[in-house]
Each structure stands twice: as structure tokens, then as C-alpha cells.
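Residues per chain are reported as follows:
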Amino acid sequence: MGYVGPKPAAEVLLGGLKRLEYRGYDSAGIALADDGSIFLQRKAGALRVLEEALAKSPPPVSHMGIGHTRWATHGGVSDHNAHPHTDCSGEIAIVHNGIIENADDLRLELLSQGHILRSETDSELVAHMLEHGKGDLRARLSDVARRCEGAYALLVMDVHQPDRLVAVRRTSPIAIGATESEAFVASGAIALAPWLGECIYLDDGEIADIRPGKIEVFRLEDLQPIAKTLHPIEGDGAMPDAGEHGTFYRKELMEQPIAWRRVMAGRLDELGQVDLSQDGIEENLLRAVQRVVFLAMGSSLHACQMAVERLADVVALPAQAELASEFRDTRNFLEPGTLAVAVSQSGETIDTLAALRHARQLGANVLALVNAPGSTIARESDYVFDLRAGFEISVASTKAFTTQVIALELLTAAFAQARQRPLPPADLQALRAVPTVAEDFLSALRLPKDLIDACAAAPGVIFLGRGQDLSLAREGSLKLKELSYVWSEAFAAGELKHGPLALVDQRVPVIVCATDPRHAVKLRSSLAEATARGAYGVAIGSELGATLQLSLPLKERIGAYLLGALPLQLLAVDVAEARGCPIDQPRNLAKSVTVE
Ligand code: F6R
């Protein structure tokens, strides 16, 4: 976060950092220009710890500063590794997101030149490299950026260059905005919302000179000026509030039906007709597609795995869901007619972005399904499907995941329609009804204490599924791990006898996802194998003779899948609370994973 202008900079920086807090971090700091020198305060721990330190030794009234919340990569979590970092003279300060991959070589070079390095971070090196060179700050930063390999968003201030910040981007996001009298920079537009209605986004290989009322952007390569487009900033700037729900995770879990209605609005009519032309997805595009490759990570990948099942089943269109982090290194061709679909809540996940760029190089058209239409993944795609799930603050995804499932079902239906084999209108009309059914289901949904206690005390929890339910099992397992830190794993039910059954005893709950009734008979046998060994068995969907049967009020496959996700999401938070875990920001995790 950066600020130049008449307001007290410390307040603006802390206000912006608070709005980025939900992304996860482990330390925080600010640097302020103070009459020819730099005031620096950095603290390991929550922003609150930094605020307490600032209350004890109040910062100067300054009109230029930068701030940062760090998520440790190089160097442990400590005050001295927290950003901002300064050069030897303490006159230049920098903050950095990303990883500088040639840091070892740069460090040796700087040490041999006599620089005093005070942290173990790769980031600090940039401050010292800026001491060298000729020209003004922009020229120096562009020289330094060219020497750094890896990914970065860098924001720099120099006390000798008042009223000016300089930022450069390679891969990690930067949003910038200005009014006549002030300028703001942040790694996400949400941090700018209290002060600005629109902003520009730096693209890769761009450097920005930022002054009140004036933002100039240049190509890093040759320093040619670039005209940038202003994008609206969503939200009214009010600090989001979890209200009666206590945590954002519970709030977002409960507000899913609203998000589901929003993603369908204008795309699915009462007659069961799908129209994605508002997203630029026309029938002729869909007809030309021979194969779909989904690229995503985490929960977003699970939504894609469900879509692969659906495309195979109802459209007979070959599709695969690829772990984006593997795709770039393992794929060197794509069949002609391949549509790459990048699915990402944040639109900034670096693995997904890298996979998207690779797919493009291999000749694919790219469609992005994102919850952030101004994000990098959206800007680099040919088509953008906005999920409209609303802001998701909890690090663990709930409504973004289920909204992705609906968006992908709409895409499946559009493929089917374009190929003259439309889904039965009754199925799509039923999809429109799911939010209302879910509201009633959610308001009555409670999990028994003995299940929560069993999971909270378990050495591990096993999730099972077949077909679409395997992706649901994976999602249930991921949620439980993230929130409660209980070790868990998802298996295809058929795999159980081939090894994992050795893990099962009376301490290991086994949760079977059974939202597709076609697999009920086989799932019943798998569950019986586990309960015969004393496991606490849970069935979600079809009746399987489990210790706990959680039936769902819808039988249609997609409707049952969406409803089946809800008890899994609830189980994760109930177990996490029973174990005293923080809910919205699980340890070690970040909301927007912008490092590989
Ligand atoms: C799980 C979760 C993560 C994300 C993953 C991809 O609850 O939130 O697994 O799904 O990091 O993030 P996006 O969707 O932003 O690309």
C-alpha cells in the first residue's frame, strides 16, 4: 500500500492494509517520509501489534509512505524480516510481493560491494540495488527490475524525491489511482475503495511514476509511455462486517443462495434457456470447441472436476481438469479447437495465470471464470465470465466454489444447447429453484456433536466419492484441513480396498459423498467396509446405512451436489471451532496466492 497526499499517511496506509488483511499475512510494517529521513515501524504478527507499537511511539505526521503485510517466503517471521526494507543510508524504502529467484547471486554481489544487509529476505536486496546507478528513481528502478528474475510487485519511495512513488510489476498485481491532490497504490483495488471510485492496473513489464493528480506508466523494456484504461473499483469503501455470523466464513456459507441467484441472473431464464452472450460467449464459439482444458488450483479445481464429469456425461465433449501448477511443465501441445478455461476466484492465482499464458502460447482461446473482473486472469483472457459471488473474505472458499459449480453448469448447458442436444429444460428450471431450497435447508442444518467431537479428536478423516462425488469429497477434505488442521484425505471409493482401508479404525470417521444416486449401491458397500472396522460413517445424499445419514431435499444431480457441499462446509467450521482454530485466516494460508 502506498500514499502521497495531504492526509496523514500512516492512517491511510493502515486503513488500506486492514482492507487487505483478509488475504492472510504474518507481519506488517510502514515506512514514512520524515523530514529527509525515513520513520520505520515493523512488527511480526497481526496489524493490531503494529498499531500498538505505533500508539507507543507515535509516527511523525507525514504525507508520503508505503506499507505492507508480509506472508513469509524467504526468511522467518520476525520484525526485521517484515517490510518495508531500507537501503544502507535509510533514505530509500521498498515493499515487495513475490519472489526474486536470483536473490542468492544478487546478495553475494551486494555483500562484496560492502552493503550491510539486515534481513534474510530477497526483498531487502532491491533497496540496496537502488543505491547504485544513475538517473532518477524511475530510471534506477527500471534498471533494478531488469536485473531481478522471478515475480514481483515493487513499490518504492525515496526521501529525496518528495511527493512521488514508483512501482513496477512482473506477475504480482498492482492497482493505482489518484485524485487532483493525492495518489494511492495497492496490491488489490479493494484497498483503494474508501478513497477512489476507479483505478488502473499495471500489466506485466510496466513501471509507474505516481504523483498526486498524475500517474504515468511506461514499458519497462524501452521506457515508452503507455496509455492505461481506468477500471471501476467495486464496493463502497465500508469495512466489510461479519455481523451476527461472527466470522466471514459462516457469513459467506449462509449467503450462498444469494450468490447463486446472482450468477444465474440474466444467464438462465424461466424456460430453462441459457444465454451467455452478455459474457461474449456466443453459440458459434461453443460449436467450434473440440475439447476443453480447465486450469485451476484448490477448490476452483474441484469445481472444474465436477464440470468435466458433466461435459462428458451430458455433452459428450472431451474435457480435462488440470492442476494449473503442473500444466506449464508437463504439456507441450494442445489439440486444435481446444478452449482453455481458467477458473479462479481471485483472478490472481499465479499458477493459474502461468498455465493460462502457456495455453495461449499453445494456441488455445482462453475463457476466464473469475470473481474479480478487473483481475489479471480476466484481463489476459479472450472471454470473461464474472461469477458475481460478491466479495469473499474468508481465506477458505465457500460461495466462490459453489458459484463456480453453477457457472460451469451454465457453460455445460450452453455447450449442450449449441450442439443441438440441450439439457432437459426441467433440469435447468430445477437449477433456478436450488437457491430457495438451499435457504430452508441451511436454516435447519445442524451437525450432531458426536460427529464434530469424533472429527476433532481423529488422527485423520477419510472422504469418499465416485464420479461427481469424488470432486465433492476432495472439496470436503480440503475444507476440513484448511480450517481445523485435522489431517484428511479424499479417495475414489473404489480405491479404498487398494490401500487406504488400512488406515481405518474406530477413531477415523469416513464421510461418503453420495449426491449422484447412480453410485449409491457401490458407495453403500464402501461405507460398509469402513463401518465394519468401527469407523463413524457419514452419508451425504443417498441412503447408505451410515451412522449418520444426511439426506438432501433435492435429487437432481447438480442441485444435490450444491446442497451436499453445505454440510461439508459446515463440518469444517464446526470442527475448527471445537479445536479453537481461527476461522477466517487459517495459519500459513493466503487468500490470493501470488507466488509459485
Ligand atoms: C480453498 C481455497 C483455495 C483456492 C485456491 C485457488 O478453500 O480457497 O484452495 O481455491 O488457492 O484460488 P483462486 O480460486 O483464487 O484461483
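Residues numbered from 1 in each chain as written. Predicted model: local features only at pLDDT ≥ 70, side-chain atom pairs only at ≥ 80, totals over all residues. Heavy atoms only, no water.

1. A closer look at the overall build of the protein chain
For step 1, the next point in the chain: Of regular secondary structure, the protein chain possesses 18 helices and 25 strands.
For step 2, the next point in the chain: Its C-alpha atoms give the protein chain a radius of gyration of 25 Å, near enough to 25 Å, the size a compact globule of 596 residues would have.
For step 3, the next point in the chain: Judged by the C-alpha coordinates and their principal axes, the protein chain covers about 75 × 55 × 45 Å.
For step 4, the next point in the chain: Here the protein chain holds 596 residues, and the buried ones make up 59% of them.
For step 5, the next point in the chain: Here the protein chain has roughly 22,500 Å² of accessible surface; of this, 51% comes from carbon and sulfur atoms.
For step 6, the next point in the chain: Between the averaged position of the 58 positive side-chain charges in the protein chain and that of its 77 negative side-chain charges there is a distance of 3 Å. (Helix = DSSP H or I, 4+ residues; strand = E, 2+ residues; numbered from the N terminus. Rg over C-alpha atoms; globule rule 2.2 N^0.38 Å. Buried < 20%, exposed > 50% of the residue type's maximum accessible area, 1.4 Å probe, protein only. Areas by Shrake-Rupley, 256 points an atom, 1.4 Å probe, with all protein chains shown as cover. Lys, Arg positive; Asp, Glu negative; His and termini not counted. Charge placed at Lys NZ, Arg CZ, Asp CG, Glu CD.)

2. Let's talk about the site of the ligand
For step 1, the next point in the chain: Around the ligand, the structure places 14 residues, and the nearest of them are Ser300, Ser344, Gln345, Ser346 and Thr349.
For step 2, the next point in the chain: Serine 300 is positioned such that a nitrogen or oxygen atom in its side chain is 2.6 Å from an oxygen atom of the ligand.
For step 3, the next point in the chain: Relative to its unbound accessible area of 410 Å², the ligand is 89% covered by the protein chains.
For step 4, the next point in the chain: Elements with a minimum of two residues in the shell around the ligand: helix H9 (298–315) and helix H16 (468–484).
For step 5, the next point in the chain: A breakdown of the residues in the shell around the ligand according to their chemical character gives four nonpolar, eight polar and two charged.
For step 6, the next point in the chain: There are two domains that each give the shell around the ligand at least three residues, and those are domain 2 (243–444) and domain 3 (449–578). (Near = heavy atom within 4 Å. Polar contact = N/O pair within 3.5 Å; in protein donor to acceptor, adjacent residues only side chain to side chain. Nonpolar A, V, L, I, M, F, W, Y, C, P; charged D, E, K, R; others polar. Domains from an automatic or database assignment.)

3. Digging into the packing of aromatic side chains
For step 1, the next point in the chain: For the structure on display, the rule yields three aromatic pairs.
For step 2, the next point in the chain: Aromatic pair tyrosine 22 and phenylalanine 391: ring centres 5.5 Å apart, planes at 70 degrees, arrangement edge-to-face. Here tyrosine 22, found in the loop between helix H1 (9–20) and strand S2 (27–34), pairs with phenylalanine 391, found in the loop between strand S20 (383–386) and helix H13 (399–418); they are 369 residues apart in sequence, far enough to count as distant.
For step 3, the next point in the chain: Note on tyrosine 22: relative accessible area 8%, which makes it buried.
For step 4, the next point in the chain: A residue is classified by how much of its surface remains accessible, and phenylalanine 391, at 41% relative accessible area, is partly exposed.
For step 5, the next point in the chain: Between phenylalanine 184 and tryptophan 195 the ring centres are 5.3 Å apart and the planes differ by 15 degrees, which places this aromatic pair in the stacked class. In this pair, phenylalanine 184 is assigned in strand S10 (residues 183–186) and tryptophan 195 in the loop between S10 and strand S11 (198–201), connecting sequence segments eleven residues apart. (Phe/Tyr/Trp six-rings, centres within 6.5 Å; stacked < 30°, edge-to-face > 60°.)

4. Topic: the environment of arginine 164
For step 1, the next point in the chain: The residue arginine 164 is located in the loop between strand S7 (150–158) and strand S8 (165–170) in this model.
For step 2, the next point in the chain: On a C-alpha basis, the gap between arginine 164 and leucine 501 in space is 62 Å, while along the polypeptide they are 337 residues apart.
For step 3, the next point in the chain: When near neighbours in sequence (up to four residues on either side) are disregarded, arginine 164 contacts Val4, Met64, Asp136, Leu137, Arg138, Met157, Asp209, Ile210 and Arg211. (Contact = heavy atoms within 4.5 Å.)

5. Some words on the nonpolar core
For step 1, the next point in the chain: Judged by nonpolar contacts, the single largest core of 95 residues is most densely connected at Phe294 and Phe415.
For step 2, the next point in the chain: With 14 residues, helix H18 (residues 557–578) is the single largest residue contributor to this core.
For step 3, the next point in the chain: When residues are assigned to domains, this core turns out to be shared by domain 2 (243–444) and domain 3 (449–578), each giving three or more.
For step 4, the next point in the chain: Look past the residues within four positions of phenylalanine 415 in its chain and what remains in contact with it is Leu286, Val289, Val292, Leu311, Val315, Leu317 and Leu339.
For step 5, the next point in the chain: Counting residues in hydrophobic clusters, the runner-up holds 33 residues, among them Leu20, Ile30, Phe39 and Leu50. (Core = buried A, V, L, I, M, F, W, Y, C linked by side-chain atoms within 4.5 Å.)

6. Here's the deal with the sheet that holds strand S5 (residues 85–86)
For step 1, the next point in the chain: An order of S5-S6-S7-S8-S12-S13-S14 is seen for the seven strands of this open sheet, with the pairing classed as antiparallel. Of all strands in the sheet, those bounded by a partner on one side alone are S5 and strand S14 (225–226).
For step 2, the next point in the chain: Along the sheet face, helix H5 (residues 137–147) touches strand S6 (92–100), S7, S8, strand S12 (206–211) and strand S13 (214–219) and points at about 160 degrees away from the line of S7. (Pairing = 2+ DSSP bridges. Axes fitted to C-alpha atoms, helices over the stretch in contact; angles between N-to-C directions.)

7. Digging into helix H15 (residues 449–457)
For step 1, the next point in the chain: Those residues of H15 that sit buried are Leu451, Ile452, Cys455 and Ala456. Taken end-on, H15 shows its buried residues confined to a sector of 130 degrees, consistent with a single buried face. Of the exposed residues in H15, those oriented more than 90 degrees away from the buried face are Lys449 and Ala457.
For step 2, the next point in the chain: The inward-facing, buried residues of H15 abut strand S21 (461–465), strand S24 (537–541), strand S25 (548–550) and H18. (Arc of directions from axis to C-beta.)

8. Some thoughts on the domain arrangement of the protein chain
For step 1, the next point in the chain: Along its sequence, the protein chain is organised into domain 1 (2–232), domain 2 (243–444) and domain 3 (449–578).
For step 2, the next point in the chain: If you average the C-alpha positions of domain 1 and of domain 2, the two centres end up 34 Å apart.
For step 3, the next point in the chain: Taken together, the contacts link twelve residues of domain 1 with eleven residues of domain 2.
For step 4, the next point in the chain: Between domain 1 and domain 2 lies a buried interface of about 900 Å² when both sides are counted; carbon and sulfur atoms form 59% of it.
For step 5, the next point in the chain: By the criterion of area lost to domain 2, the three top residues of domain 1 are Tyr22, Thr171 and Tyr201, representing 47% of everything that side buries.
For step 6, the next point in the chain: Here arginine 357 and aspartate 204 are joined by a salt bridge, their closest N and O atoms 2.8 Å apart.
For step 7, the next point in the chain: At the junction of domain 1 with domain 2, the criterion picks out four residue pairs in polar contact (both at pLDDT 80 or more).
For step 8, the next point in the chain: Within the side of domain 1 that touches domain 2, the residues separate by chemical class into six nonpolar, two polar and four charged. (Buried area = accessible area lost by both parts, 1.4 Å probe. Salt bridge = Lys/Arg side-chain N within 4 Å of Asp/Glu carboxyl O.)

9. Describing the pattern of salt bridges
For step 1, the next point in the chain: Overall, the coordinates contain 42 salt bridges when judged by the stated rule.
For step 2, the next point in the chain: Aspartate 158 is the salt-bridge partner of arginine 140, the closest N and O atoms lying 3.1 Å from each other. Linking arginine 140 in helix H5 with aspartate 158 in strand S7, this pair joins segments that are 18 residues apart in sequence. A single burial state applies to arginine 140 and to aspartate 158, both of which are buried.

10. A short note on the packing of H15 against H18
For step 1, the next point in the chain: In the contact formed by H15 and H18, the axes pass within 9 Å of each other and the chain directions differ by 65 degrees. Judged by the angle between their axes, H15 and H18 are roughly perpendicular. Regarding H15 and H18, the two cross each other, and that crossing is right-handed. Seen from H15, the contacting residues are Leu451, Ile452, Cys455 and Ala456; seen from H18, they are Leu571, Asp574, Val575 and Ala578.
For step 2, the next point in the chain: A class-by-class count of the residues in the contact of H15 with H18 yields seven nonpolar, no polar and one charged. (Parallel < 35°, antiparallel > 145°, perpendicular 65-115°, else oblique. Left-handed = near helix turned anticlockwise from the far one by under 90°.)

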